[in-house]
Amino acid sequence: MLLTDGKGNVARDGTKGRAKAQEDALAAAQALRGAGLPALLVDTSPFPEPAARDLAEALGAPYLALPRADAATLSTAVRAAAAAPARQAA
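Observations regarding the confidence of the model for the protein chain
- The predicted model of the protein chain averages 89 in pLDDT, with 94% of residues at 70 or higher.
- The least confident element of the protein chain is helix H3 (residues 71-83), whose mean pLDDT is 87; the most confident is helix H2 (residues 50-59), at 96.

Some points on the sheet that holds strand S1 (residues 2-4)
- Spatially, S1-S2-S3 is the arrangement adopted by the three strands of the open sheet, whose pairing is parallel. A single partner strand is all that each edge strand has here, and the edge strands are S1 and strand S3 (63-65). Neighbouring strand axes in the sheet, compared pairwise and without regard to direction, differ in orientation by 25 degrees on average.
- Inspection of the sheet shows strand S2 (residues 41-43) paired to S3 by three bridges, in the parallel sense. Within S3, the residue paired with Asp43 across the bridge is Ala65.
- In the packing of H2 onto the sheet, the strands contacted are S1, S2 and S3, and the crossing angle to S2 comes to about 180 degrees.

So, the packing of helix H1 (residues 18-34) against H2
- Two elements in contact, H1 and H2, have axes whose closest approach is 7 Å; the angle formed by their N-to-C orientations is 30 degrees. Classed by the angle they form, the pair H1 and H2 counts as roughly parallel. Contacts between H1 and H2 pair Gln22, Ala25, Leu26, Ala29, Gln30, Leu32 and Arg33 from the former with Ala51, Asp54, Leu55, Glu57, Ala58 and Leu59 from the latter.
- The residue inventory of the contact of H1 with H2, partitioned by class, reads eight nonpolar, two polar and three charged.

What about the nonpolar core?
- Ala29, Ala39, Leu41, Ala52, Leu55, Ala56, Ala58, Leu59, Ala61, Tyr63 and Ala65 form the largest nonpolar core, which has eleven residues in total.
- If you list the elements that add at least two residues to this core, you get H2 and S3.
- Element by element, the count of residues in this core is highest for H2, at five residues.
- With sequence-adjacent residues up to four places away left out, Ala65 is seen in contact with Asp43 and Pro48.
- Listed in part, the six residues of the second largest apolar core include Val42, Leu64, Ala77 and Ala81.

What to know about H1
- In a regular helix each residue adds 1.5 Å, so 17 residues correspond to 24 Å; H1 covers 24 Å between its end C-alpha atoms and thus fits that length.
- Among all positions of H1, only Ala21, Gln22, Asp24, Ala29 and Arg33 are buried.
- At the C-terminal side of H1, Gly36 shows a positive phi close to 75 degrees.

Quick look at the environment of Thr4
- Position of Thr4 relative to the elements: it lies in strand S1.
- Separated by 40 residues in sequence, Thr4 and Thr44 have C-alpha atoms that sit 5.4 Å apart.
- A polar atom in the side chain of Thr4 sits 2.8 Å from the backbone nitrogen of Gly6.

Conventions and cut-offs
- Residues numbered from 1 in each chain as written.
- Predicted model: local features only at pLDDT ≥ 70, side-chain atom pairs only at ≥ 80, totals over all residues.
- Heavy atoms only, no water.
- pLDDT = per-residue confidence, 0-100.
- Helix = DSSP H or I, 4+ residues; strand = E, 2+ residues; numbered from the N terminus.
- Pairing = 2+ DSSP bridges.
- Axes fitted to C-alpha atoms, helices over the stretch in contact; angles between N-to-C directions.
- Contact = heavy atoms within 4.5 Å.
- Parallel < 35°, antiparallel > 145°, perpendicular 65-115°, else oblique.
- Nonpolar A, V, L, I, M, F, W, Y, C, P; charged D, E, K, R; others polar.
- Core = buried A, V, L, I, M, F, W, Y, C linked by side-chain atoms within 4.5 Å.
- Buried < 20%, exposed > 50% of the residue type's maximum accessible area, 1.4 Å probe, protein only.
- Expected span 1.5 Å × (residues − 1).
- Polar contact = N/O pair within 3.5 Å; in protein donor to acceptor, adjacent residues only side chain to side chain.

In structure tokens, the structure reads:
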């Protein structure tokens, strides 16, 4: 489970800047997807964030906006992601 607003601000090499950080985050998400790891992305923004949705898509993971999810919804989503068969890269 990944808890994020999807808006990267520091690249993997430590440099600041959203564009490079977002590029690195999407590349990491695609690598995790390629490894077939089950995932769930929970958007922690006060309002659903397109960057988080893009990251979930790169992961091949379900997207859940936290402000709109109660404990039961979150629990169900986590169980479903954990039980999902291995994923392959798109």
